[in-house]
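Read off the chains here:
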Amino acid sequence: MNKKKFILNVILFLIFSFFFIFFVYPLVYVFIKSFYINGKISFSFFPIIFSNSVLRTSILNSFEIALFTTLLTTLLSLPVSYMSVKFSFRLKGVLQSFLLVPLILPPFVGAIGMKKIFARMGSLNLLLMKLGLISAPIDWLGDGGFLGVILLETLHLYPIMYLNIVAALSNIDPTMDEVAKSIGASRFKIFKDITLPLAMPGFFAGAVIVFIWAFTDLGTPLIFDFYKTIPVQIFHMLTDINENPAGYVLVVFIIIITLLVFLISKNFFGKKRYEILSKGFVRKAEKELKGIKKFLFISYAIFLISFALIPHIGVLLVSLSKDWFGTILPSHYTLSHFATIFKNHLTIISIKNSFLYSSLSTLLDIFLGITIGYILIRTKVKGRDILDSFVMLPLALPGIVLAFGYLSSFSKTFLDPRINPVPLLVISYGIRRLPYMVRSVYAGFQQLSKFMEEASYSLGGGKVHTFRKITFPLISANILAGALLCFAYAMLEVSDSLILALREKFFPITKAIYILFNSVSGGFYVASALGMVGMLILTFAILIGGKILGKKFGEMFRV
Amino acid sequence: MKVKFENISKNFDGVEVLRNISFEIREGEFFFLLGPSGCGKTTLLRIVAGFEKPSSGRILFNGKDVSDIPPEKRKVGMVFQNYAIWPHMTVFENVAYGLLLRKIEKSEVEKRVSEVLDLVQLRGYEKRYPSQLSGGQQQRVAVARSLVVNPQLLLFDEPLSNLDAKLRIEMRNELKKIQKRSGITSIYVTHDQKEALSMADYLVILNNGKIEQMGKPFDIYNFPKNKFVAGFIGETNFISGIVKEQSESGVVIETEIGEITGISRERFNKGDKVIASIRPHHIKFVGDQYKFKVEDSIFMGEYEYFVLSNGSCKLHMMDFEGKLPFPKSGDIVSIGFSPNKVVILKDE
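Residues numbered from 1 in each chain as written. Chains lettered and ligands numbered in written order. Predicted model: local features only at pLDDT ≥ 70, side-chain atom pairs only at ≥ 80, totals over all residues. Heavy atoms only, no water.

Right, let's get into the overall build of chain A. Of regular secondary structure, chain A possesses 23 helices and 4 strands. On C-alpha atoms alone, chain A measures out to a radius of gyration of 25 Å, which is about the 24 Å that the 2.2 N^0.38 rule sets for 559 residues. Seen along its three principal axes, the alpha-carbon backbone of chain A occupies a region of about 75 × 70 × 50 Å. Within chain A, contacts between residues at least 6 apart in sequence are counted, and of these 78% link residues at least 24 apart. When the accessible surface of chain A is summed, it comes to about 25,200 Å², and 70% of that surface belongs to carbon and sulfur atoms. (Helix = DSSP H or I, 4+ residues; strand = E, 2+ residues; numbered from the N terminus. Rg over C-alpha atoms; globule rule 2.2 N^0.38 Å. Contact = heavy atoms within 4.5 Å. Areas by Shrake-Rupley, 256 points an atom, 1.4 Å probe, with all protein chains shown as cover.)

This is the structure we're talking about:
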């Protein structure tokens with residue numbers, strides 16, 4: 001017994017050390033760099049970001065992007081969420097899965113297609129002019145891409161909102177509504193007094209993720225050449241990271257905002273997490289959807305899905321076109337860009353690299369995820385609750401913050417990404433997606449009655465044998481699903497890759513796309529083709545993961 | 001194997017769930033731990049299996065302290081309430097698991113699995129997966145899986161509570177037969193007194209982590225030691241009274257409905273406060289000593305259920321004879337009971 005305890009404590013210590021070195025230390029380092037100047041604690045750097053007009057505008061822009069994205073995703077997803085919870089109809093399942101598709105399509109790649117379609121001389125304007133509906137092109141992307149960024153973030157992130165609102169609504173026992181109805185409350189009153197307050201905590205859980213995601217996304221504004229946002233500013237400051245303190249201060253600013261948003265949502269709404277989740281059984285109250293209502297709901301859902309797919313259809317067209325300019329659709333099609341991918345030195349290396357990094361980071365996640373999941377559910381070791389709260393934090397941590405922290409805190413060490421970024425890339429991919437793995441494994445352990453393991457002990461099976469023969473096979477589906485998600489997201493991770501991979505031979509797919517996109521001769525088409533390849537890999541991984549996890553899939557995207 | 005419990009106590013976060021439990025189980029016995037939920041019986045069983053450690057006290061297997069032996073080395077088989085059959089393995093694989101662990105030769109494994117499947121009457125089901133079995137069959141797989149490794153001791157944790165009523169009664173006999181045939185000392189935990197009475201060789205009644213009474217089913221049912229046991233082991237009526245005299249033929253007590261004669265294994269003095277326990281089906285419509293008013297009568301099919309009252313004294317009665325004319329609410333009836341069906345208990 002004591003030996004077992006000792007081993008557990010050693011493992012726990014190693015996990016905490018890992019978190020400390022690769023999670024806490026880089027963040028603390030950034031804090032120190034921005035507040036501890038010439039041996040003194042000082043706030044003298046902070047005014048820099050507000051006095052500089054470019055930075056001031058950037059902060060404002062980032063806030064606006066995050067706010068509008070949160071609002072728009074809420075508005076867009078409310079009708080479909082309501083439809084999902086309250087009504088039943090044929091093919092509802094199919095429609096529901098299609099509603100989630102945009103979540104897996106990286107906005108960073110989508111931006112390329114979006115630009116092609118909505119630009120001043122893009123397909124939409126050309127089409128409208130040809131039809132004679134407008135005489136001069138309209139600036140759809142607005143203000144140098146500002147609207148474009150918001151639109152793309154919204155189309156990418158509404159599924160997160162949708163999943164959270166659906167979860168919140170379906171956790172409300174319909175008898176609650178029925179009780180109110182039976183004592184004579186009107187439909188509006190029921191919504192205002194019962195449904196809304198009960199659904200609020202769930203809604204805010206989703207809103208927080210959407211807000212922070214939009215606030216800290218680097219890839220989308222970068223492709224839109226919309227440089228006045230905090231993440232892009234930080235990205236551009238990386239080159240003089242040692243002389244210019246503004247980067248540190250901006251990263252600290254992001255951390256503070258992230259913390260604030262979480263704290264506010266936890267304290268205002270977390271406290272009121274009504275005990276509806278603890279209930280084992282919630283009766284379904286789905287009504288058959290009929291008539292005009294059915295028509296409206298379904299056409300809205302289809303419109304939403306198609307709209308969200310436009311950017312990616314754009315990418316597909318670009319990747320297949322031969323010199324597409326000044327026409328609504330490409331005039332000539334070719335597969336040569338896809339062929340180029342397998343000939344070009346940069347693309348070949350990047351695909352190889354991405355597979356390598358993602359596989360390694362997935363292995364890291366599997367190992368850590370199983371260990372942590374096991375400790376959380378099957379042991380009572382001290383420090384468990386700290387681990388529990390720690391392990392979910394990376395979900396809230398913006399990629400750009402971690403990457404920036406790594407680049408600055410590990411420079412001039414043996415892990416310096418300027419020399420060899422592979423270890424840090426793998427670890428950053430791993431840490432950021434670890435929550436998916438832990439959640440998945442945790443769910444597996446929860447479903448697995450401990451009696452299954454005890455039955456094996458009672459027959460003489462030792463700990464290791466029992467784990468290998470009983471526990472592992474029974475949670476393998478969860479491990480696989482978690483692993484697929486980790487792998488897929490690592491393949492298309494943007495900020496870590498752009499910031500940490502600094503030499504061509506270490507470039508992963510996303511960095512290669514970015515470099516190709518900005519190169520002069522035809523790189524744009526190859527970038528799109530490479531993006532398509534990435535999306536294909538991602539789609540496969542997620543489809544399989546979703547199939548295995550079923551309904552649990554949605555839980556992956558909640559805090 | 002003999003099992004001895006020595007002063008076992010267990011705390012969970014400061015809550016005492018077992019207090020100073022001591023008793024012994026004889027070789028080959030089918031031993032029952034009976035008690036209401038939360039009485040500590042499952043905890044006690046898990047201590048025997050080694051899944052929990054007692055806060056104090058020890059357990060001896062054939063005189064040997066097993067406190068420091070981990071579950072996998074105790075040679076104790078356990079049948080769980082939810083069976084815990086592994087869903088990713090066939091019946092054969094489930095049952096053979098423990099044998100393969102012991103590196104037993106393949107032909108020997110097949111032979112022993114067949115034997116044990118014969119014993120639980122599941123031959124021919126080897127290739128099925130648990131999801132293709134009924135509740136009762138799954139239960140028997142779980143029993144077979146534990147039996148096949150020849151454990152020194154077999155533990156049952158409410159193994160029938162997930163079955164429907166009819167199957168439960170069938171399985172009672174099945175399990176009892178299997179236990180007798182295998183001859184393995186077994187401990188069985190349940191909250192169902194009928195299960196315990198019909199299956200046990202010997203039983204312990206637990207309440208609030210303490211032993212209330214131990215004995216054979218017949219003795220416990222007919223001679224409960226106290227009010228809790230009398231009430232828990234079957235439905236009963238309690239009437240308070242004071243001892244008038246005790247003789248060879250029984251105890252005579254004075255109660256508010258008059259004199260009652262009963263039996264007891266205790267010695268009382270004149271004037272002691274006592275309680276008479278009378279089971280509802282031992283009350284008959286005979287004699288004219290006790291007059292009661294019918295408050296309620298319920299037709300139950302195989303018997304009639306009456307609520308009778310006389311002043312502040314209320315009695316429940318089951319009439320299996322079908323008295324005619326059927327007494328209605330408000331009727332006055334006279335009842336009686338045979339003295340050797342009345343148990344006199346100390347009023348604690």
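A few words now on the nonpolar core. Within the largest apolar cluster, 251 residues are counted, with the highest numbers of intra-cluster contacts made by A:Ile372 and B:Phe5. Examining the composition of this core, we find that 15 residues originate from one element, helix α7 (residues 146-170) of chain A, more than from any other. When we break this core down by domain, the ones giving at least three residues each are domain 1 (1-40 + 333-559) and domain 2 (48-87 + 97-273) of chain A. If sequence neighbours within four positions are ignored, A:Ile372 has contacts with A:Ile15, A:Phe19, A:Leu387, A:Val391, A:Leu434 and A:Val438. (Core = buried A, V, L, I, M, F, W, Y, C linked by side-chain atoms within 4.5 Å. Buried < 20%, exposed > 50% of the residue type's maximum accessible area, 1.4 Å probe, protein only. Domains from an automatic or database assignment.)

What follows covers the confidence of the model for chain A. For chain A, per-residue confidence averages 83 on the pLDDT scale, and 91% of positions sit at 70 or higher. The secondary structure element of chain A with the lowest average pLDDT is helix α8 (residues 174-182) of chain A, at 67, and the one with the highest is helix α15 (residues 345-378) of chain A, at 92. (pLDDT = per-residue confidence, 0-100.)

In this section: the packing of aromatic side chains. A complete count under the given rule lists 45 aromatic pairs over all chains for this structure. Each ring, one from A:Phe211 and one from A:Phe215, has its centre 5.9 Å from the other, and the planes form 15°; the classification is stacked. Here A:Phe211 pairs with A:Phe215, and both are found in helix α9 (residues 187-216), just 4 residues apart, close to one helical turn. There is no split in this pair, since A:Phe211 and A:Phe215 are both buried. One aromatic cluster is present, formed by A:Phe16, A:Phe18, A:Phe19, A:Phe22, A:Phe23, A:Tyr25, A:Tyr29, A:Phe390, A:Tyr406 and A:Phe410 through successive ring pairs. Directly above the ring of B:Trp86 sits B:Arg145, whose terminal nitrogen or CZ lies 4.3 Å from the centroid. Lying over the aromatic face of B:Phe223, B:Arg265 brings its terminal NZ or CZ to 3.9 Å of the ring centre. (Phe/Tyr/Trp six-rings, centres within 6.5 Å; stacked < 30°, edge-to-face > 60°. Lys NZ or Arg CZ within 6 Å of the ring centre and 35° of its normal.)

All names here are of chain B. For the structure on display, the rule yields 25 salt bridges over all chains. Two residues, Arg-265 and Asp-219, come together in a salt bridge whose shortest N-O distance is 3.7 Å. Placement of the pair is Arg-265 in the loop between β13 (258-262) and β14 (273-278) and Asp-219 in helix α7 (residues 217-222), with a sequence separation of 46 residues. Since its relative accessible area comes to 59%, Arg-265 is described here as exposed. Judged by relative accessible area, which is 26%, Asp-219 ranks as partly exposed. For Lys-346, the salt bridge is made with Glu-266, and the minimal N-O distance between the two is 3.7 Å. With Lys-346 in strand β19 (residues 342-346) and Glu-266 in the loop between β13 and β14, this residue pair connects regions lying 80 residues apart in the sequence. Accessibility expressed as a relative area gives 27% for Glu-266, which makes it partly exposed. (Salt bridge = Lys/Arg side-chain N within 4 Å of Asp/Glu carboxyl O.)

The next subject is helix α1 (residues 41-49) of chain B. All names here are of chain B. For α1, a buried count of 8 out of 9 residues is recorded, marking the element as mostly surrounded by other parts of the structure. Of all the residues in α1, the buried ones are Lys-41, Thr-43, Leu-44, Leu-45, Arg-46, Ile-47, Val-48 and Ala-49. Phi turns positive, to about 100°, at Gly-50, one or two residues after α1.

Contact residues are listed per partner, giving 21 residues for chain A and 23 residues for chain B. Carbon and sulfur atoms make up 67% of the surface buried where chain A meets chain B, a total of about 1,800 Å² over both sides. Counting the surface chain A buries against chain B, the share from its top three residues, A:Phe451, A:Ser458 and A:Leu459, is 35%. The tally of links between chain A and chain B comes to 1 salt bridge. (Buried area = accessible area lost by both parts, 1.4 Å probe.)

We now examine the sheet that holds strand β18 (residues 332-335) of chain B. Residue and element names in this part refer to chain B. Reading across the sheet, the 4 strands line up as β17-β16-β15-β18 and stay open at both edges, with antiparallel pairing between neighbours. Strands with a single pairing partner mark the edges of an open sheet, and in this sheet they are β17 (313-319) and β18. Averaged over all adjacent pairs, the angle separating strand axes in this sheet is 45°, with direction ignored. (Pairing = 2+ DSSP bridges. Axes fitted to C-alpha atoms, helices over the stretch in contact; angles between N-to-C directions.)

Moving on, we get to the domain arrangement of chain A. Residue and element names in this part refer to chain A. Assigned domains within chain A: domain 1 (1-40 + 333-559) and domain 2 (48-87 + 97-273). Computed over C-alpha atoms only, the centres of domain 1 and domain 2 are separated by 24 Å. Contacts between domain 1 and domain 2 engage 38 residues on the former and 35 residues on the latter. For the pairing of domain 1 and domain 2, the buried interface totals around 3,600 Å² over both sides, and the portion due to carbon and sulfur atoms is 82%. Taken together, the connections running from domain 1 to domain 2 amount to 0 salt bridges.

Attention shifts here to the pairing of strand β8 (residues 185-190) of chain B. Residues and elements named next belong to chain B. When you tally the buried positions in β8, you get 6 out of 6 residues, the bulk of the element. Side chains Thr-185, Ile-187 and Val-189 of β8 all project onto a buried face; the interleaved residues Ser-186, Tyr-188 and Thr-190 project onto the opposite face, where all are buried too. Inspection of the sheet shows strand β7 (residues 153-157) paired to β8 by 5 bridges, in the parallel sense. Looking at the pairing, Leu-155 lines up with Ile-187 of β8. Considered for its hand, the β-α-β crossover made up of β7, helix α5 (residues 165-182) and β8 is right-handed. (Right-handed = clockwise from strand over helix to strand, strands pointing away.)

Here the focus is unusual backbone geometry. Residue and element names in this part refer to chain B. The backbone of Asn-62 shows a phi angle near 50°, a positive value even though the residue is not glycine. The residue Asn-62 is located in the loop between β4 (56-61) and β5 (64-65) in this model. The phi dihedral of Asn-150 is positive, around 50°, even though this residue is not glycine. Structurally, Asn-150 can be placed in the loop between α4 (135-147) and β7.

Looking now at the sheet that holds strand β11 (residues 237-247) of chain B. Residues and elements named next belong to chain B. Strand order in this open sheet of 5 strands is β13-β12-β11-β14-β19, and the pairing throughout is antiparallel. Taken across any chain shown, the strands that pair with only one partner, and hence form the sheet edges, are β13 and β19. Ignoring which end each strand starts from, the neighbouring axes of this sheet average 45° apart. Pairing between β11 and β14: 6 bridges, direction antiparallel.

Residue and element names in this part refer to chain B. One way to put it is that helix α2 (residues 91-101) packs onto α4 with a least axis distance of 7 Å and a crossing angle of 25°. By the angle between their axes, α2 is roughly parallel relative to α4. Crossing geometry of α2 relative to α4 is assigned as right-handed. Contact with α2, carried on its side by Val-91, Asn-94 and Val-95, involves Val-141, Ala-144 and Arg-145 of α4 and no other residues of that element. Along the lines of polarity and charge, the residues of the contact of α2 with α4 split into 4 nonpolar, 1 polar and 1 charged. (Parallel < 35°, antiparallel > 145°, perpendicular 65-115°, else oblique. Left-handed = near helix turned anticlockwise from the far one by under 90°. Nonpolar A, V, L, I, M, F, W, Y, C, P; charged D, E, K, R; others polar.)

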